[in-house]
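This is what each chain is made of:
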Amino acid sequence: MTPTLLPLHPVPRLSLDPTPSRRAVVNGAWWPRSRDAAAELPGLVAAGDQRLGRTTLLVGLHPDAWRHIPDRIPARGRHVRVGRFRGADPHVVVLFFAAVEPVALLLIPPDTAAGPAQNALTRAARHTADLTADDLLALTRLPTAV
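The rules behind each value
- Residues numbered from 1 in each chain as written.
- Predicted model: local features only at pLDDT ≥ 70, side-chain atom pairs only at ≥ 80, totals over all residues.
- Heavy atoms only, no water.
- Phe/Tyr/Trp six-rings, centres within 6.5 Å; stacked < 30°, edge-to-face > 60°.
- Helix = DSSP H or I, 4+ residues; strand = E, 2+ residues; numbered from the N terminus.
- Buried < 20%, exposed > 50% of the residue type's maximum accessible area, 1.4 Å probe, protein only.
- Lys NZ or Arg CZ within 6 Å of the ring centre and 35° of its normal.
- pLDDT = per-residue confidence, 0-100.
- Contact = heavy atoms within 4.5 Å.

Enquirer: Sorry, what's going on with the packing of aromatic side chains here?
Expert: Think of a pair of aromatic rings as described by two things: how far the centres are apart, and how the planes are tilted against each other in angle. Tallied over the full model, the rule gives two aromatic pairs. On the numbers, 5.6 Å between centres and 20 degrees between planes, the contact of W30 with W66 is stacked. Of this pair, W30 sits in strand β2 (residues 28–31) while W66 sits in the loop between β3 (56–61) and β4 (72–75), and the two are 36 residues apart along the sequence. Given the relative accessible area of 1%, W30 is considered buried. Over the ring of W31 we find R13; its NZ or CZ atom is 3.6 Å from the centre of that ring. A cation sits over an aromatic face here: R54 above F97, 5.2 Å from the ring centre.

Shown next, in the form of structure tokens:
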């Protein structure tokens, strides 16, 4: 029997607005498999870099929403800083780049059922300029507790 090789970082469940708006609170959504930042963030950075054609320099998150938060995470050929922002929305993760606007992602709780999670991924990737993260959570019936 041949062993099955699993990818080091599974493909993240990520959606991005194809025409992001500066007015939008979020520019997409991310549905991690756990609250372990050290395990989840490398895959997010790799997918974000690839899909956006940019190089992530910093990931910003609320520390109460995560466990095992490293100061830096490995990325292709570099390490990316992880910022802990107590004043940030705990339902949002932000990718920061050089010389371009950051990308904010609605954080879908890992234990969310597939149906509501897929709904949130789809909804957050559409023009959301008039919605807050809490509005999106309510519209997609996601839990609001961190």
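So, next bit.
Enquirer: Would you take a moment to explain the confidence of the model for the protein for this structure?
Expert: Looking at the protein as a whole, the pLDDT averages 85, with 83% of positions reaching at least 70. Ignoring residues within four places in sequence, the model shows residues 1–9, a span with pLDDT below 50, making three contacts including any to other chains.

Enquirer: What is the right way to look at unusual backbone geometry in this model?
Expert: Leaving glycine out, the prevailing phi sign among residues is negative, and the prevailing peptide bond configuration is trans. Of note, the phi angle at H68 is positive, near 50 degrees, even though the residue is not glycine. One non-glycine residue with positive phi stands out, namely A99, at about 60 degrees. Take A99: it is sitting in the loop between β6 (92–97) and β7 (103–107). A residue is classified by how much of its surface remains accessible, and A99, at 87% relative accessible area, is exposed.

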